[in-house]
Amino acid sequence: MQLDVALLGFGNVGRSLGGLLLRKRDALQNDYGLTLRVVGISTGRHGQAIDPEGIDMEAALSLVNEGKTLAALHQGAEMADTPGFLAKVPAQLLFETIPTNPHDGQPAFAYLYGALERGIHVVTANKGPIAFGYQELTQLARRKKVGFLFESTVLGGSPVHALLREAFPGAEVKRIRGVLNSTTNYILDRMEQAGLEFDAALKQAQEIGVAETDPTLDIDGWDAAIKITILANVWMGAELVPADVDRTGIAEVSITDLRHQMDQDKRTRLVCEAWPGDDGKIKAKVAPQALPLDDLMTSLHGTDSLVQIETDTLPMTTLIDSGSGKQTTAYGMFVDMLNILRGRHDTSIKR
Ligand code: HSE
């Protein structure tokens, strides 16, 4: 089988995905009988290229890494912008990795909506459109009989969505708890373990590339709020937006507070939770909590993250993610692609 794919977004994750598709080319052919062609790439700063015969990914990566545009790889008429690219690219599956807009998920939501309407499968790592438009996009995908998956939106590429989709048929999710933001975990851990001041720890988190471009999205708990919104909406049937989450970040946490808690054998983590309130509606909260050492969350170091799922059938299942980054995020997207091809993409199984 031949699959023509397009990449919308070619930053850290998009390029890692490009490299992974190259590295797995033979395995895809040998194990799945799948011949993959990249027929379009749209970047934020290096232009766009469409080639129905297939773009040379090695050449595309070299051009962009040298700071050049992709114009030399484009075949056909000029394209003005991203909507123009999406209207023309002859792909069967779109990988989307443009930056997250934490306020309304746009313009990614509109791009994904348009692609699904054209009958193109969509795989995204972008949290915005899922937090703000999961229901609408999923229903559209169902109507169009195409796949729509987003594994890499929470916990890097670790299989939290696949776990819920595949391993919990018939179960009811009662509560989700997690440490979902790596940057704040890294900062708290460095402050606790190495006695670093907040600003120095944040600078390190930025250096290793885990912080958002605007790190206040991490520090103030927005990234965590977006991720718990996604988990609550997809797996608990909630209809939250990130602003509904009762949110406290870590800006006010001092070394003195952390030391005080450590003296009492506690560690502080930015905890996300979603649970049904007394009115039956799902509530969600993000806040720093001082936890006893027998809580698994206290074992998280550096950029580790974790999700705990409580259901009516399995009391507690924990997934821990260590060592995630752009490569694991890219792998989550690769897995989504294969799951779509295998017809394993219906997130409605729980409702
Ligand atoms: N800034 C995010 C984090 C990146 O720290 O978790 C991954 O979504």
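On a predicted model such as this, the values are computed, not experimentally measured, just so you know.

Quick question: what am I supposed to make of the packing of aromatic side chains here?
To describe a pair of aromatic rings, you give the distance between the ring centres and the angle between the ring planes. According to the stated counting rule, one finds four aromatic pairs in the structure shown. Taken together through their ring pairs, the aromatic side chains of Tyr-134, Phe-148 and Phe-150 make up a single cluster. Here the guanidinium or amino end of Arg-247 rests over the ring plane of Trp-222, the centre of that ring lying 3.9 Å away.

When you look at the packing of helix H6 (residues 127-144) against helix H11 (residues 222-235) in this model, what are you seeing that I'm missing?
Axes are the key here: two packed helices are described by the angle between their axes and the distance separating the axes. Axis separation between H6 and H11 bottoms out at 9 Å; the angle between their running directions is 45°. As judged from the angle between their axes, H6 and H11 are oblique. In the crossing of H6 with H11, the sense of the turn from one axis to the other is left-handed. Judged by residue contacts, Lys-127, Ile-130, Ala-131 and Tyr-134 of H6 engage Asp-223, Ile-226, Lys-227, Thr-229, Ile-230, Asn-233 and Val-234 from H11. Along the lines of polarity and charge, the residues of the contact of H6 with H11 split into six nonpolar, two polar and three charged.

Is there a simple way to think about the sheet that holds strand E10 (residues 282-292) in this case?
Two orientations exist for strands paired in a sheet by backbone hydrogen bonds: parallel and antiparallel. As summarised here, the arrangement of the six strands in space is E8-E10-E9-E7-E11-E12, forming an open sheet in which the pairing is mixed. If you trace the sheet from one side to the other, it starts and ends with strand E8 (246-247) and strand E12 (317-321), each paired once. Both strand E7 (residues 173-179) and strand E11 (residues 305-311) contribute to a ladder of six bridges, which runs antiparallel. Of the residues in E11, the one forming a bridge with Val-173 is Thr-311. Strands E7, E8, strand E9 (266-276), E10 and E11 of the sheet are contacted by H11, whose axis makes an angle of about 35° with E9. Across the sheet, helix H12 (residues 255-263) touches E9 and E10, and the angle it forms with E9 is around 90°.

Rules behind the numbers
Residues numbered from 1 in each chain as written. Predicted model: local features only at pLDDT ≥ 70, side-chain atom pairs only at ≥ 80, totals over all residues. Heavy atoms only, no water. Phe/Tyr/Trp six-rings, centres within 6.5 Å; stacked < 30°, edge-to-face > 60°. Lys NZ or Arg CZ within 6 Å of the ring centre and 35° of its normal. Axes fitted to C-alpha atoms, helices over the stretch in contact; angles between N-to-C directions. Helix = DSSP H or I, 4+ residues; strand = E, 2+ residues; numbered from the N terminus. Parallel < 35°, antiparallel > 145°, perpendicular 65-115°, else oblique. Left-handed = near helix turned anticlockwise from the far one by under 90°. Contact = heavy atoms within 4.5 Å. Nonpolar A, V, L, I, M, F, W, Y, C, P; charged D, E, K, R; others polar. Pairing = 2+ DSSP bridges.

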